[in-house]
Amino acid sequence: MTDKTKNEGLSLTDQEALSFHQQGKPGKLEVVPTKPMTTQRDLSLAYSPGVAAPVRAIAEDPSRAYDYTARGNMVAVISNGTAILGLGNLGALASKPVMEGKSVLFKRFADVDSIDLEVDTADVDAFIDAVKHLGPSFGGINLEDIKAPDCFIIEQRLREIMDIPVFHDDQHGTAIIAAAGLINALHLTGRDVKDVKVVCNGAGAAGIACIELIKALGVPHENVLLCDTKGVIYEGRAEGMNQWKSAHAVPSEKRTLLEALTDADVFLGVSVKGALTAEMLQAMAPNPIIFAMANPDPEITPEEAHAVRDDAIVATGRSDYPNQVNNVLGFPYIFRGALDVQATTINDEMKVACAHALAALAREDVPDEVANAYRGTRPKFGPDYIIPVPFDPRLIYTIPPAVAKAAMESGVAKRPLIDMEAYELQLKSRRDPIAGTLQRVISKVRQNPKRIVFAEGEEEAVIRAAATFVNEELGEAILVGREDEIRANATSAGVDINRRGLRIENARVSNKNQEYADFLYTRLQRKGYLLRDCQRLVNNDRNYWGAIMVARGDADGLVTGLTRNYSVTLDVIRDCIDTKPGHRVIGTTVVLSRGRTVLVADTAVHELPSSDELADIATEAAHVARRLGYEPRVAMLAYSTFGHPAGERTERLQEAVKILDKRRADFEYDGEMGADVALNMDKMASYPFCRLTGPANVLVMPAFHSAAIATHMLREMGGSTLIGPLLVGLDRPVQIVPMGAKDSDIFNMAVLTAYNIS
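The paragraphs below set out a description of the structure included in this document. None of the values given here were measured: they were computed from a predicted structure.

Counted residue by residue, strand 8 (residues 224–228) has five buried out of five residues, so it is predominantly covered. Burial along strand 8 is two-sided: the residues V224, L226 and D228 and L225 and C227 are all buried. Sheet topology places strand 7 (residues 198–201) next to strand 8; four bridges connect them, and they run parallel. Across the sheet, residue V198 finds its bridge partner in strand 8, namely V224. As a crossover connection, the stretch from strand 7 through helix 9 (residues 205–217) into strand 8 is right-handed.

In C-alpha cells, the structure reads:
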C-alpha cells in the first residue's frame, strides 16, 4: 500500500484509514435483531419452540421464507480477492475490508441488508461449489473483485445453477452507469444509437460488460471496436484471445487504438492512465464522447481533453470532476428492485431499464440536495451533467421501480408488485434520515465555509475530527493547545497536521492574550473576578480561550466537551457568550431509530422548567427541526395523556400549551400526552381532538432529568443513533459533545456548529 490513498478526491493517510476501521468495534458491520429479545416469551417465539411454526410453513411452501425470514432483504457480497480495487490479487482475507464496505453501501443507499463472505480459493470450480449451496440464505449474490476471465465463468455458471440474482458489479455496475451517460450524451449531440461508432479500450470484465450492454441498447455489433493491450480485436486475430473477446471481434483493417479512434464517436476507457492521447482525441469525430473510467487516474483528464477538443463531453470515475461514473448509482437500487419482486435473475432488460431511468433522472430539474452538492450552482442537464450524483434523494424511488417493472415484464419476477405508486411511497420511507440530513447540512456549509475552534486540540479524536472537517472542505479548523503535543498526537493518529486549513492556537504565545483577558474581565468583574483571575482562565482553560475567540469574531464557532462535564463546560461558555436576544438556551437531542427522526428537548439546561419555559423550549426545538429540514409536530410529554391520570406535575404542560396558543405558534403542538400516544398514530386516534396530524417528531420533556435519562438509555442500549444535545439559543454557534465522544461525533457537531443549527 502507498503512504497516501486517493479517495473521492481527498488525500488520506494509511494511518487515518486504519484508525477508522479499528476504532470502536473493528470493521464496519454488526448484526442487530429486528424483534424484541427481552423476555422469556420473546426468546421462545424467536427460537424454540416458536420457531417450529415458520420452519414447517417454509418446508411446505419455500416461498414463505420471504415472509418469515430476512432472506428477501439479504444480499451476500462474495469475493476471493483475486482483483481487489486495482490492488490486484491479495487474497480472500485481504478483500474483507472492501466487501464490508460494499455491504455498508447496500444498507446506506437502499436499505438492503448485506453480509460479506470471503471464499479462500482461486479455483473456479471450488469457488462455484462453495457459493452455489448458499442460495437458501440470501435473496441475491453480489460478486466482487474477482479477476477476469474467472469472473465471467463464475457468474455465468452460478446464474444457471441458482434461482436468485447473481450479479458481478465490477462488470455490470460500470456498464450500467456508463450506458446511462451514453444515452444522454447521444441525446445532447443529436446522434442515433444505431449509427454511433464506439471504441472500447480494455477487454477485461468491465470493458466486455460495457459493450454488451450498449449493444443491448441498440448499438450495432459491427459499430463497436474492442481493444486490449495488443490492439484492435478483429476477426481472425489469434494472439491473446479468449471466448469473451472473440464474441466481440469484427471484420476490420484497423490494428491500433489510434486507427480505431479515427472518426469514432465514442471512447469507452476501462484501462489505464494516459491511454487516450491528444492525437487520438483529435482524430475522433466532431463532438466526441469520452468515458475515461480508469481509476484512480483516468485515461485522459477533462482538462487535457478540453484543451484538445472543446466540443468533447467527458465522464470519468472521479468525484472531483463532473459526470462521475459511480457504481453506487446502480447496484444498491438494482438489488432493491430485484429483491422486492423476488426476481430469479438480473437480466439485460433490468440493466437497460436501470440505465434509462438514470438517464431520465439526469434530465429532470434537480432538487436542493443536488444543487447543494454542487456548492450552490444548480446543475442542469448538459455536457457537464449527464449522470445523476450519488446523493440524489430521488434515486431510491426512481431506479428500483424501473428495475422491478422490467423484471415483471420480462417474466423473472416471482412476486410481482400490484400497486407501483404504493411501492414508490414505501421506497421513500427507506431513506437513511441522518445521512441525508447531514449531507444537506454539509453541502450548505461548503457553500459558506466557517472557521471552527476545536478547543480540546491535543486529543487524538479531536485532531481526527478537525482533519475530516478540513478534508470535507467545510472551512478552517483551529486546534487549541500546545503545538508540540498536538503535533505528537497527530503523528500518532496518522494525521497530516500541515495540511492547508488546519492551524494551531496556543493561548500563552498568542498576541491576543491580553485582549482576551481584558474582554473576560469586563464580563466577570462584577461577579467576583479580578483581572489576574481572568488572565489565569485565559491562559489555562482552552474553553475560555475558544469561546472568547468566537465571541470576539476571530472564529465562527466552537466545538468542545470531550474531556469535561457538560454543565461545567456550558457555564464557561455562558461566561463568554450571551443568549441570543428573544431566545432561550436549551439542549436538543436528535434521535434516529429505524427510519424515524425525533428531537428531544430540553436535554441539557432546564432542570424543572416552568410553563413559560416549556413553551420557549417547544419553540426553540421546533426551530431546530425546521433548520434540519423537518416540519415540526411538537408533543408536550408527561406520564398522563390529556388529563388522565390527573396530577400536579401535568398542569405546567397544560399551561404551556395555552401559552403557545396565546403566542399563535406557527407549528403543530399539543399535550400533555404520553410518549406512546405521541409516537403512535393508532393510539393517537383514540383522541380525535388531538391537533397533531402525524406522529410527533419533537418531544418536549417535562423535566431535564426525564430527558437525560431517556436519551442516555437510548444511547447506551443501542439500536438508535443520537446526535447532541445540540446547544441552541446562544448568540454565537457553540456545540458541546458528550464526554468520550468519537471523532465521527465530534465531526458531526462541528458541521452543525458551522451550519449554526440555532
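Summed over all chains, the structure comprises ten aromatic pairs. A centroid spacing of 5.8 Å and a plane angle of 85° characterise the contact between F167 and F335, whose relative ring orientation is edge-to-face. Taken together, the positions of F167 in strand 6 (residues 166–168) and F335 in helix 14 (residues 331–340) put the pair 168 residues apart, joining distant regions of the chain. Exposure class is identical for F167 and F335. Each is buried. An angle of 80° between the planes, with centres 6.1 Å apart, marks the rings of Y687 and F689 as edge-to-face. Among the residues examined, F689 registers a relative accessible area of 52% and is labelled exposed. Members of the aromatic cluster, joined through ring pairs, are F106, F167, F331 and F335. The residue whose ring lies beneath R255 is Y234, and the NZ or CZ to ring-centre distance is 3.6 Å.

For the rest of this paragraph, the subject is a nonpolar patch on the surface. Taken together, L85, L87 and L90 make up a surface patch of nonpolar side chains, about 330 Å² in accessible area. With respect to the element layout, L85 can be found in the loop between strand 3 (74–79) and helix 5 (96–110).

The amide bond that connects S48 to the next residue, P49, takes the cis arrangement and shows omega of 10°. Mapped onto the secondary structure, P49 falls in the loop between helix 2 (40–46) and helix 3 (52–60). Residue N295 is joined to P296 through a cis peptide bond whose omega torsion reads 0°. Tracing the backbone through its elements, the reader meets P296 in the loop between strand 11 (289–292) and helix 13 (302–308). Of note, the phi angle at D111 is positive, near 55°, even though the residue is not glycine. Phi at E473 is positive, roughly 60°, even though this residue is not glycine.

On to helix 5. Across its 15 residues, helix 5 extends 21 Å between first and last C-alpha, which sits within 8% of the 21 Å expected from 1.5 Å per residue. By the burial criterion, the buried members of helix 5 are V98, M99, E100, G101, K102, S103, F106, F109 and A110. Tucked into the core, helix 5 has its buried residues touching strand 3, strand 4 (113–118), strand 5 (140–143), helix 8 (169–189), helix 14 and helix 17 (395–409). In the stretch just after helix 5, D111 is the one whose phi turns positive, near 55°.

Okay, the sheet that holds strand 19 (residues 633–637) next. In sheet architecture, strand pairing relies on hydrogen bonds along the backbone and comes in two forms, parallel and antiparallel. Ordered in space as 20-19-21-18-17-22, the six strands form an open sheet in which the pairing is mixed. In this open sheet, the two strands that pair with only one neighbour each are strand 20 (668–673) and strand 22 (721–728). Averaged over neighbouring strand pairs, the angle between their axes works out to 20° when direction is ignored. Bridge count for strand 17 (residues 586–593) against strand 22 is six bridges, and the pairing is antiparallel. What sits directly across from L592, in strand 22, is T721. Seen against the sheet, helix 27 (residues 651–663) touches strand 19 and strand 20 and runs at an angle of roughly 165° to strand 20.

This next bit is on the environment of Q282. Looking at the secondary structure, you find Q282 in helix 12 (residues 278–282). The partly exposed category is assigned to Q282, whose relative accessible area is 46%. Spatially, the C-alpha atoms of Q282 and L258 are 9.9 Å apart, while their sequence positions differ by 24 residues. Beyond its immediate sequence surroundings of up to four residues, Q282 is in contact with V308 and R309.

Strand order in the open sheet formed by five strands is 15-14-13-16-23, and the pairing between neighbours is parallel. Of all strands in the sheet, those with a lone pairing partner are strand 15 (502–505) and strand 23 (734–736), marking the two edges. Each neighbouring strand pair of the sheet contributes to a mean axis angle of 20°, computed without reference to strand direction. Inspection of the sheet shows strand 16 (residues 557–560) paired to strand 23 by three bridges, in the parallel sense.

With 99 residues, the main nonpolar core has I141, L143, I176, F291, M350 and L358 as its most contacted residues. With ten residues, the top contributor of residues to this core is helix 8. Sequence-distant contacts of L143, that is, excluding residues within four places in its chain, are made with I78, F127, I154, E155, L158, V166, F167, H168 and D169. Core analysis: the next-biggest nonpolar cluster, separate from the first, contains 65 residues, L628, Y669, V698 and V728 among them.

Let's shift gears to helix 21 (residues 483–493). Among all positions of helix 21, only I486, A490 and A493 are buried. On an axial view of helix 21, the arc spanned by its buried residues comes to 65°, and they lie on one face. When the buried face of helix 21 is taken as reference, the exposed residues oriented beyond 90 degrees from it are D484 and T491. Among the residues trailing helix 21, G494 stands out with phi positive, at a value near 75°.

Attention now moves to the pattern of salt bridges. In total, this model carries 46 salt bridges according to the counting rule given. Here D541 ties to R564 by a salt bridge, and the two come within 2.9 Å at their closest N and O atoms. Of this pair, D541 sits in the loop between helix 23 (531–540) and helix 24 (542–551) while R564 sits in the loop between strand 16 and helix 25 (566–576), and the two are 23 residues apart along the sequence. The buried category is assigned to D541, whose relative accessible area is 12%. Two residues, E613 and R584, come together in a salt bridge whose shortest N-O distance is 3.7 Å.

This part takes up the pairing of strand 3. Among the six residues of strand 3, five are classified as buried, and the element is accordingly described as predominantly covered. Since strand 3 and strand 4 lie parallel, the crossover through helix 5 that links them has a hand, and here it is right-handed. Pairing geometry for strand 3 and strand 5, over four bridges, is parallel. Across the sheet, V77 pairs through a bridge with N142, a residue of strand 5.

Bringing the state of the cysteines into the picture now. Evaluation of the coordinates by the stated rule reveals zero disulfides. Unpaired in this structure, C227 has its nearest cysteine sulfur neighbour in C200, at a distance of 8.1 Å.

Turning our attention to the packing of helix 24 against helix 25. Here helix 24 crosses helix 25 at 35°, and the two axes come no closer than 9 Å. Like other packed secondary-structure pairs, helix 24 and helix 25 cross with a definite hand, here right-handed. Together, N543, Y544, A547, I548 and A551 of helix 24 and T569, V572, I573, D575 and C576 of helix 25 make up the contact between the two elements. When the residues that make up the contact of helix 24 with helix 25 are grouped by side-chain class, the tally is seven nonpolar, two polar and one charged.

Conventions and cut-offs
Residues numbered from 1 in each chain as written. Predicted model: local features only at pLDDT ≥ 70, side-chain atom pairs only at ≥ 80, totals over all residues. Heavy atoms only, no water. Buried < 20%, exposed > 50% of the residue type's maximum accessible area, 1.4 Å probe, protein only. Helix = DSSP H or I, 4+ residues; strand = E, 2+ residues; numbered from the N terminus. Pairing = 2+ DSSP bridges. Right-handed = clockwise from strand over helix to strand, strands pointing away. Phe/Tyr/Trp six-rings, centres within 6.5 Å; stacked < 30°, edge-to-face > 60°. Lys NZ or Arg CZ within 6 Å of the ring centre and 35° of its normal. Patch = residues over 30% accessible without salt bridge, like charges linked within 9 Å, V, L, I, M, F, W, Y side chains within 5 Å. Areas by Shrake-Rupley, 256 points an atom, 1.4 Å probe, with all protein chains shown as cover. Salt bridge = Lys/Arg side-chain N within 4 Å of Asp/Glu carboxyl O. Expected span 1.5 Å × (residues − 1). Contact = heavy atoms within 4.5 Å. Axes fitted to C-alpha atoms, helices over the stretch in contact; angles between N-to-C directions. Core = buried A, V, L, I, M, F, W, Y, C linked by side-chain atoms within 4.5 Å. Arc of directions from axis to C-beta. Disulfide = S-S within 2.5 Å. Left-handed = near helix turned anticlockwise from the far one by under 90°. Nonpolar A, V, L, I, M, F, W, Y, C, P; charged D, E, K, R; others polar.

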